[in-house]
Amino acid sequence: MERWAGRVAIVTGASSGIGAAIARTLALSAMKVVGVARREERVKELAAELRKEGAKGEIFPVQGDVTNESDIKRVMQWTKEKLGGADVLVNNAGVAPSCVLHRFRTENIRKIYETNVIALALFTRDFVQDLRARGVDDGHIFHINSTAGQSIIHNRGIYPYSGSKHAVTVMTEGLRRELVELESKIRITSISPGLVRTEILEVTGLTPDIAKQTYDTLPCLETKDIADALVYALGTPPHVQIHEITIHPTGEDFRSLL
């Protein structure tokens, strides 16, 4: 990771869960991290914790809603003006409201695709264009994907979410091919975890008690596991393309989990 010291990463959804763990890990690895989230105050709290710990890097909290294209452009411009531009993009922001296909709420399915697919595509497009405009050819893009994007899992309510993650899987490979055609050395990596202990179950509508019971009952990953996988891929030599990392918790029942 030495070559990334002092360089800049943008992490979306940095206020909690996987995003917060990634932001923390990159800052501890001496990177400057633009932590993007709607709940900016939580990113500020994380930044303050890292300063107290004496982290070699730093987190710069920036309020932003990734489903708003103007916010994406504002984050990119802020990063360029204040930090000289980003070298790494982590598309972590994602949602998974329950969506039973024959009776879903319209706003739920819109939220899934606007956050998990469209925002990811827009941020990635603007990031790649910015890298090329600045002549940076060793950038790295990470899509925080899901094992739900690798197969069709029989679990009522998650089919639209699974569809959004299948789209991310295809878009990852599609961009890799486009970058090859451009003779670019920009790398892209999809990280697909199984069940991770985060706030996502509560956000989808489960009570805190039921969410805790689910995590305590089923094998699950911790957010640091995903952050460690990202650092591994980022730290490989420039000629190495880690295209996909799939992470299951030991003992996971593949028939019933995301």
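Each chain has its residues counted from 1, following the order in which its sequence is written. Totals for whole chains, interfaces and linings use every residue, but because this is a predicted model, local features are given only for residues with pLDDT of at least 70 and side-chain atom pairs only at 80 or more, for both listing and counting. Heavy atoms throughout the structure, all of them, feed into the side-chain values; hydrogens and water do not.

If you check an unreviewed UniProt entry, the protein chain appears there as Dehydrogenase from Cloeon dipterum. UniProt positions are given in the numbering used here, feature names are shortened, and annotations may be inferred rather than shown by experiment. Per its UniProt entry, the protein chain bears the Sequence similarities (unreviewed entry) comment "Belongs to the short-chain dehydrogenases/reductases (SDR) family."

Below, the discussion takes up the packing of helix 1 (residues 17–28) against helix 8 (residues 223–234). Each pair of packed helices can be summarised by the angle the axes make with each other and by the distance between the axes. In this analysis an axis means a line fitted to C-alpha atoms, helices contributing only their contacting stretch, and an angle means the value between N-to-C directions, from 0 to 180 degrees. Secondary structure elements follow DSSP: runs of H or I no shorter than four residues count as helices, runs of E no shorter than two count as strands, and numbering proceeds from the N terminus. At a closest axis distance of 8 Å, the pairing of helix 1 and helix 8 adopts a crossing angle of 50°. On the basis of the axis angle, helix 1 is oblique to helix 8. Seen along the crossing, helix 1 lies across helix 8 with a hand that is right-handed. In this structure, helix 1 contributes G17, I18, A21, I22, T25 and L26 to the contact, and helix 8 contributes T223, K224, I226, A227, L230, V231 and L234. Oblique is the label for any angle not covered by the other classes, which are roughly parallel (under 35 degrees), roughly antiparallel (over 145) and roughly perpendicular (65 to 115). A crossing counts as left-handed when the near helix is turned anticlockwise from the far one by less than a right angle, and as right-handed when that turn is clockwise. The contact rule is simple, with two residues in contact once any of their heavy atoms fall within 4.5 Å.

So, on to the sheet that holds strand 5 (residues 140–144). When DSSP finds two or more bridges between two strands, those strands count as paired. Read from one edge of the open sheet, seven strands run 3-2-1-4-5-6-7, paired in parallel fashion. The two strands at the open ends of the sheet, each matched to only one other strand, are strand 3 (58–63) and strand 7 (244–247). When the angles between neighbouring strand axes are averaged without regard to direction, this sheet yields 15°. Relative to strand 2 (residues 32–37), strand 1 (residues 8–12) is paired through five bridges, and the arrangement is parallel.

The next subject is helix 4 (residues 106–134). Residues that lie three or four places apart on an α-helix share one face, since the helix turns once every 3.6 residues. One fewer than the residue count of a helix, multiplied by 1.5 Å, yields its expected span. With 29 residues, helix 4 should reach 42 Å at 1.5 Å per residue; the first-to-last C-alpha distance of 40 Å fits that figure. Along its length, helix 4 reaches its greatest deviation from straightness, about 35°, at E114. Of the residues one or two after helix 4, G135 is the one with positive phi, at around 75°. One fitted axis covers the seven residues ending at a residue, a second covers the seven starting there, and the bend at that residue is the angle between these axes.

Turning our eyes to something else, we now look at the nonpolar core. Put simply, buried Ala, Val, Leu, Ile, Met, Phe, Trp, Tyr and Cys residues joined by side-chain atoms within 4.5 Å make one nonpolar core. A 1.4 Å probe rolled over the protein chains alone gives each residue an accessible area, and that area as a share of the maximum for its type sets the label: buried under 20%, exposed over 50%, partly exposed in between. Grouped together as the largest cluster of nonpolar side chains are 37 residues, with contacts concentrated most on I22, L26 and I59. Sorting the residues of this core by element identifies strand 1, helix 1, strand 2, helix 2 (40–53), strand 4 (88–91), strand 5, helix 8 and strand 7 as the ones contributing at least two each. The contact partners of I59, leaving out residues within four places of it in the chain, are A23, R24, A27, V33, G35, V43, L46, A47 and L50. With 25 residues, the next largest nonpolar core counts I10, V66, M76 and L122 among its residues.

Let us now look at the environment of R3. Tracing the backbone shows R3 in the segment before strand 1. Sequence separation between R3 and M31 is 28 residues, and the spatial gap between their C-alpha atoms is 9.9 Å. Leaving out residues up to four positions away in the same chain, R3 has contacts with D138, R187, L234, T236, P237 and P238.

Salt bridges are defined as contacts in which a side-chain nitrogen from Lys or Arg sits within 4 Å of a carboxyl oxygen from Asp or Glu. With the rule as written, the count across this model stands at 18 salt bridges. With a closest N to O distance of 2.8 Å, E173 and R176 form a salt bridge. Separated by three residues within a single helix, E173 and R176 lie in helix 5 (residues 159–181), roughly one turn from each other. Within this structure, R3, R7, D87 and D138 form a network of salt bridges that share partners.

What follows covers the packing of aromatic side chains. Working definition: an aromatic ring pair is given by the centre-to-centre distance plus the angle between the planes. We call Phe, Tyr and Trp rings a pair once their centres come within 6.5 Å, taking the six-membered ring for Trp, and we label the pair stacked below 30 degrees between planes, edge-to-face above 60, and tilted otherwise. Following the criterion strictly, the structure yields one aromatic pair and no others. Arranged with centres 6.3 Å apart and planes meeting at 55°, the rings of F60 and W78 form a pair that is tilted. On the criterion of sequence distance, the pair formed by F60 in strand 3 and W78 in helix 3 (residues 69–83) is long-range, its members being 18 residues apart.

Residue position: T115 is located in helix 4. Since its relative accessible area comes to 7%, T115 is described here as buried. One polar contact links the side chain of T115 to the main-chain carbonyl oxygen of K111, over a distance of 2.9 Å. Setting aside anything within four residues of it in sequence, one finds T115 in contact with V66, T67, A93, G94, V95 and L120. Pairs of N or O atoms are called polar contacts if they sit within 3.5 Å, as long as, within protein, a hydrogen donor faces a hydrogen acceptor (for residues adjacent in sequence, only side-chain-to-side-chain pairs).

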